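If you want the building blocks of each chain, they are given just below.
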Amino acid sequence: MRRRSFLASVAVIAFATPLRAETFEVTLSDAEWRAKLSDAAYRVLRQEETERAGSSPLDDEHRKGTFLCAGCDLPLFASETKFDSGTGWPSFYQPLAGAIGTKDDSSLFATRTEVHCRRCGGHLGHVFDDGPKPTGLRYCMNGVALKFVAA
């Protein structure tokens, strides 16, 4: 295993809460999720779709604050960990402790690591091992799955 991949695996394990039998603190019926979320947020958070690159204003958000789950308001990322990845999606090098869960995603001909909110299970995006120091990780998040609260 390459050193960088090993370090990425260790960091993901350290900051992610593993998915446990699809049980989450916040659970709503499909109808309740549809009523609560915009159409775009519903498609991403509940159906694991991906928003179009460059479509989220949060990609250009540079104020100090916290990024929350758009489904349940759980704080997920501190603005200090956000960076410009050039991908067109808000990217972070580290989530807040205990904020996310992960699972393998092999939906696009390769295995990736899917990232979801540990409280409501909402799909947020994916994590890759090509990010900046100190973690070397890039949490590439769908902006529509997030809310920003300025400090």
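One structure accompanies this document, and this report is about it. This one's a predicted model, so the numbers in the text were calculated from it and none came from an experiment.

Conventions and cut-offs
Residues numbered from 1 in each chain as written. Predicted model: local features only at pLDDT ≥ 70, side-chain atom pairs only at ≥ 80, totals over all residues. Heavy atoms only, no water. Salt bridge = Lys/Arg side-chain N within 4 Å of Asp/Glu carboxyl O. Helix = DSSP H or I, 4+ residues; strand = E, 2+ residues; numbered from the N terminus. Buried < 20%, exposed > 50% of the residue type's maximum accessible area, 1.4 Å probe, protein only. Pairing = 2+ DSSP bridges.

### What to know about the pattern of salt bridges
One side chain can pair with another of opposite charge once the charged atoms of both are near each other.
Consideration 1: Enumeration according to the criterion identifies eight salt bridges in this entry.
Consideration 2: A salt bridge links Arg34 to Asp30, with the shortest nitrogen-to-oxygen separation between them at 3.1 Å. In this pair, Arg34 and Asp30 are both assigned in helix α2 (residues 30–36), four residues apart and thus about one turn of the helix distant.
Consideration 3: The exposure class assigned to Arg34 is partly exposed, which follows from its relative accessible area of 46%.
Consideration 4: Judged by relative accessible area, Asp30 falls into the partly exposed class, the value being 41%.
Consideration 5: For the salt bridge of Arg138 with Asp130, the shortest nitrogen-to-oxygen distance reads 2.8 Å.
Consideration 6: For Arg138, a relative accessible area of 11% gives the class buried.

### A word on the pairing of strand β8 (residues 138–141)
Consideration 1: Judged by which residues are buried, β8 turns out to be covered on both faces: Arg138 and Cys140 on one side and Tyr139 and Met141 on the other are all buried.
Consideration 2: As paired strands, strand β4 (residues 91–92) and β8 are joined by two bridges and run antiparallel to one another. Within the sheet, the bridge partner assigned to Phe92 lies in β8 and is Tyr139.
Consideration 3: Note: strand β7 (residues 123–128) against β8, four bridges, orientation antiparallel. The residue of β8 that forms the bridge with Gly125 is Met141.

Read these as geometric descriptors, not functional statements.
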